[in-house]
Amino acid sequence: MSNFTISRRELYILPTRVGWYYALILSALFGIAVKFDNQSAFMMLFILVAVALIAMVYTHNNVIGLKMNSHPSKSVFLGTPASFPITLSNPSAKPRHAVWLIAGGFHQLAALESGSQQTIDLKLPTIQRGYLACEPVNLSSLYPIGVFFCWTKRFISTERCLVYPQPLDLVPFPENGSNQGKEQAQANVRLGAEDYAGMKNYQDGDRLRDIHWPSLAKTNKLVSIQYENHSNSAVNLSWFNLPSTLGVEDRLSQLCYWLVEAEKAGQRYQLEMPNHTIEFDRGMTHYHECLNVLALWGNGPEGATHD
Amino acid sequence: MIKLSNPLKQLLAKLPPMPSQPPAHDARRGTLLQLATLIGIAVLFHFSIANLLIALFALAIFALKTLIIFRKSSIPPRFIMMILTIASLGMVIYVYGGWNGQRAGISFLILLVALKFLESQTLRDYYIVCLLLYFLAASSFLFNSSIPNIIIVVAYTLATTSILFQISNPTKVPLKTTLSMSATMVAKALPLAIILFFFFPRIHADFGFLPSFDTSGNAASLSDSLVAGEMASSAFNNELAFRVAFKGSNIPNQSQLYWRAKTMPLERNFQWEVAEPTTRDFAVAADTKKTANLDSGEWRYDILHEKSTDKYLPYLDYISAASKGKTLPDYSVYLVRPEASAFSYEGSSSANSAASFAKPVDRDSLLQLQSKPNAKLQLLLEQWREGAENDAQIVQRVYHYFENTPFEYSLLPPALDEFDPLGDFMLNIRVGYCEHYASAFTIIMRMLGIPSRVVVGYQGGTQVNGGKFIEVRYSDAHAWSEVWVNGLWQRVDPTATISPERINFGMDALIELWDSGLLGSNNTGRALSNLLDPKGLSKVFRNLQDTWKNAGYQWNKWVVNYDFKAQRRLLEKLGVDQRNSVAALVTIMIVGAFTLLLFYFWRLIPRGLKRSDAQVQYLRFIKKFKRYRIEKTNSETPKEFATRVSSRFPEYANQIDSITQNYYALRYGNLNNESVAAFSSFKVQVRQFNLKRKP
């Protein structure tokens, strides 16, 4: 979390295009006043000049003294905009109107009453997975009449956003083969209790410990206990199960998709990457750990250690 | 070279990259409707200034745009815009015969505003419309610089500024807040504008590409010819011609106020014309100028002349010296190039025909006539000539004839016979305005061999402040006669004998009499005394009028006529040497403007909350009890005071308690981020605290 206070040295002001038009109109008016030696036109000219100068003071004072604080950003999937929350606070006793926060060419409007503060989510587009640093933030204002444009030095926020790969369903989930074997092999490793959901006839693949033995005694039928959301099912999401025709990014996207689906379905899953495997588990920590690996695969410092 | 460019590079490097401008939002419909109202008012004002056709066209375009805003439909396609633009250009050329002239300029401008408004779509378009509106408001001063007009223009500027406020702010702010914000800003701008106005050095330059002054047009002037019946029509023209301020205690009385503008020596069948000055006249004028002394006259005065295309300047008869124009041998004062706007000059005059007025005259040209006396008039002429000892006696006899014959003075004189207007007027109709009498008298003088001419100018004027100021209007226009007798030019005003009230009480009184139908009747005297009674009802009204006229005079003196010379005079008062006036002006202007701007920067910079701010509010709260003779003593703590007043006003006890607690928190508690908000609500709480009941 870093902060930034706008003082006199951090602030720049120049006329806008409309401001130059304004100057043009004033010079035409000056010509008229001189040519016709018309003192009232001179008076009007100077009123307009003074209005522009006062507007400059207003524009300057609309921005000076504001404080910016950046907050940690939440990770997002590639394709959805990353958001960087920034708190803008006005410690002065004067309200601020129409202040724009600009990052990477994207604008967010803010208006602050005296002594108030406002948190603004700066949205930035995500174009590749990995860490996305917040673009330098500028603050600008055209208040009050748009003839002057005041902007600040760049506020470089230390916050960064981790962008996960875009979840894409490119190939069907391999039902048989090595995947199944892995699943079976790992099935008994799991811990913890699941929610009871009901009974069903035994099928190949149901775990031994899930068989309801008392029912067998009564009905002579194998009945297994059903747990909610196939929670007892587990999937191995493996880099090696993907067809070799897929590129690296597509593989990551596909794995990401399965990961999201598995987490949604409440399944247990493990992520198998070359030289690095995250063991079967569930829950948000596990989920983000896996996504982390996918996001930084091959380029991030974390990813590099596993290469 | 490299070393030189380094600082520049550093300077450029210091400026960080400018971020892109905020995205344009759509202008709100309410704002656009306000803008439409402003433009509508401008178009309506345009009806009073320029051509009806153009105003109607602008109104039609304006109506179309208003419809578009209301129905939220799209703007007309580009080719229609092109057609409209070409049509409006063609119209300006058709109506004014070209580009030149300020009327053509302002018509073009109003069409430009209307067309730009019609095609406006983006925010920037509306910005430009607003800027054009500023310009349009300013250019209205070319036609009218009066106080009411500047009040209208300042209000207009304010309204335009508030629209700029609205379109540059994407969030909607209540109209009242916007108006008060723009009013504060314009109010803050005014002192700065005043400094710039008084100290910006006035220069003279001609920008050829700008529209020039209309040669014919609304600027009033006295005609260069005197046609019977024409001047009478100006009797109801109440437009101001010039204002006079007399210096010193020497003030002429009403019947001495003959403002000489032009002499007319050429007669064309009962009409008179001005003779254009020759180079010889200018040479004489140059000689006169050398000896002229503004202190030589009996009366000294400043004249603030309204805008006029007239080449002859009015001065009080008989002139001793003039600060502006060339004093010609016929003692009219000629201006080679008429001023483009209102202007001022000084004059010095004396009551009697000065010795310097005796100049040899060209007798032959001053006796030339086109009119011929008819038989009856011939008889009269012989009567007057018979047995006269000198010219002066003849003049006396003719004057007495006018006095003793039943001539009548009328503001609506009947037309005269086309072929013998002189005979018709002298012998049959005998009803006329001043020009009839001046014309007839001068012709008769010439027929009797006395060199004479008609003088046209103004007589009288409205006195303000006991005659110190005089306002002369076009309705005061007057014509009289001048005769060359005993080697001097002598003024003879035959109107004075026909209608003495015109000369002694001025045109105002005369017109009031005329309106009440009393002019020329037996009741004239009584009606006049009623009118001029200082205790009458009209007296109060007159005083009010005097104040207003005085304000007008000061306004004209300090703003409308604030030219190069007035600026010099101001500098002189400030004790600046005249030689480096421009440098002094620029220095004062820059120093003054920067000081004020820095003051604004310092004063307006947003600051955090101070503990004393809470105290200011608390004192305001205490003051509210003053009405009930309750005051806080110095030894009393706020808490004690609260207990005391709560016992007097039990129904307000809660509020008093809350205010006191908030005060303690803000003044003595910890100040943090929330304090500012707490202070704002404390302020509102104090403001809304009102004791209504009498205990």
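In this report, we go over the structure that sits alongside the text.

Basis of the calculations
Residues numbered from 1 in each chain as written. Chains lettered and ligands numbered in written order. Predicted model: local features only at pLDDT ≥ 70, side-chain atom pairs only at ≥ 80, totals over all residues. Heavy atoms only, no water. Contact = heavy atoms within 4.5 Å. Buried area = accessible area lost by both parts, 1.4 Å probe. Salt bridge = Lys/Arg side-chain N within 4 Å of Asp/Glu carboxyl O. Polar contact = N/O pair within 3.5 Å; in protein donor to acceptor, adjacent residues only side chain to side chain. Helix = DSSP H or I, 4+ residues; strand = E, 2+ residues; numbered from the N terminus. Nonpolar A, V, L, I, M, F, W, Y, C, P; charged D, E, K, R; others polar. Pairing = 2+ DSSP bridges. Axes fitted to C-alpha atoms, helices over the stretch in contact; angles between N-to-C directions. Patch = residues over 30% accessible without salt bridge, like charges linked within 9 Å, V, L, I, M, F, W, Y side chains within 5 Å. Areas by Shrake-Rupley, 256 points an atom, 1.4 Å probe, with all protein chains shown as cover. Lys, Arg positive; Asp, Glu negative; His and termini not counted. Charge placed at Lys NZ, Arg CZ, Asp CG, Glu CD. Buried < 20%, exposed > 50% of the residue type's maximum accessible area, 1.4 Å probe, protein only. Parallel < 35°, antiparallel > 145°, perpendicular 65-115°, else oblique.

Turning our eyes to something else, we now look at the interface of chain B and chain A. The partner chain A presents 63 residues to the 78 residues of chain B that form the contact. Surface buried jointly by chain B and chain A totals about 6600 Å² across both partners, of which 76% is contributed by carbon and sulfur atoms. Among the residues of chain B in contact with chain A, Phe135(B), Met185(B) and Pro606(B) are the three that bury the most area, contributing 9% of the side total. Connecting chain B to chain A are zero salt bridges. There are eight residue pairs in polar contact (both at pLDDT 80 or more) connecting chain B and chain A. Secondary structure elements with two or more residues in the side of chain B that touches chain A: helix 6 (123–139), helix 7 (147–168), helix 8 (175–199), helix 18 (538–560), helix 20 (581–604) and helix 24 (673–688) of chain B. Here the side of chain B that touches chain A gets twelve residues from one element, more than from any other, and that element is helix 8 of chain B. Grouping the constituent residues of the side of chain B that touches chain A by class yields 52 nonpolar, 18 polar and eight charged.

A word on the sheet that holds strand 19 (residues 488–492) of chain B. Residues and elements named next belong to chain B. Reading across the sheet, the five strands line up as 8-3-15-18-19 and stay open at both edges, with antiparallel pairing between neighbours. Each having just a single partner strand, strand 8 (315–316) and strand 19 make up the two edges of the open sheet. Of the strand pairs in this sheet, strand 3 (residues 258–264) and strand 15 (residues 452–459) are connected by six bridges, and their pairing is antiparallel. Looking at the pairing, Met264 lines up with Val454 of strand 15. In the packing of helix 12 (residues 391–404) onto the sheet, contacts are made with strand 18 (477–485) and strand 19, and the angle to strand 18 comes to roughly 150 degrees. Across the sheet, helix 14 (residues 434–447) is in contact with strand 15, strand 18 and strand 19; its angle to strand 18 comes to roughly 15 degrees.

This next bit is on a positive patch on the surface. All names here are of chain B. A surface patch of like charges, here positive, comprises Lys289, Lys326, Lys557, Lys565, Arg569 and Lys573. Here the element with the most residues in the positive patch is helix 19 (residues 564–573); it accounts for three residues. Among the structural elements, Lys326 can be located in strand 10 (residues 326–327). With relative accessibility at 35%, the residue Lys326 sits in the partly exposed group.

Further remarks concern a nonpolar patch on the surface. Together, Leu208(A), Trp213(A) and Leu222(A) line one region of the surface with nonpolar side chains, adding up to about 330 Å² of accessible area. Looking at the element boundaries, Leu222(A) is found in the loop between helix 4 (213–219) and strand 14 (223–227).

Look at the link from Tyr143(A) to Pro144(A): it is a cis peptide, with omega at 5 degrees. Mapped onto the secondary structure, Pro144(A) falls in the loop between strand 10 (137–141) and strand 11 (148–152). Asp317(B) connects to Tyr318(B) through a cis peptide bond whose omega is -10 degrees. The residue Asn269(B) is not glycine, and still its phi comes out positive at about 50 degrees. Overall, the relative accessible area of 31% leaves Asn269(B) in the partly exposed class. Phi angles above zero are rare outside glycine, and Tyr331(B) is one such case at about 65 degrees. You can see Tyr331(B) is positioned in the loop between strand 10 and strand 11 (333–334). Judged by relative accessible area, Tyr331(B) falls into the buried class, the value being 6%.

Below, the discussion takes up the packing of helix 2 (residues 29–49) of chain B against helix 3 (residues 52–71) of chain B. How two helices pack is summed up by the angle between their axes together with the distance between the axes. Residues and elements named next belong to chain B. Running from N to C, helix 2 and helix 3 point in directions that differ by 170 degrees, and their axes come no closer than 9 Å. With respect to helix 3, the element helix 2 is oriented roughly antiparallel. In contact with Arg29, Leu32, Leu33, Ala36, Ile39, Gly40, Val43, Leu44, His46 and Phe47 of helix 2, helix 3 contributes Leu52, Ile54, Ala55, Leu56, Ala58, Leu59, Phe62, Thr66, Ile69 and Phe70. Its residues placed into classes, the contact of helix 2 with helix 3 shows 16 nonpolar, three polar and one charged.

Attention now moves to the sheet that holds strand 16 (residues 268–273) of chain A. Residues and elements named next belong to chain A. Read across the open sheet, the three strands follow the order 15-16-17; overall the sheet is mixed. On the outer flanks of this sheet lie strand 15 (234–238) and strand 17 (276–281), each paired with one strand and no other. For this sheet, the mean inter-axis angle between neighbouring strands, taken without regard to orientation, is 10 degrees. Looking at chain direction, strand 16 and strand 17 are connected through four bridges and run antiparallel. When the bridges of strand 17 are listed, Glu272 appears paired with Thr277. Along the sheet, helix 5 (residues 248–264) contacts strand 15 and strand 16; its crossing angle with strand 16, the most-contacted strand, is approximately 165 degrees. On the sheet, helix 6 (residues 284–295) packs against strand 16 and strand 17 and is oriented at approximately 20 degrees with respect to strand 16.

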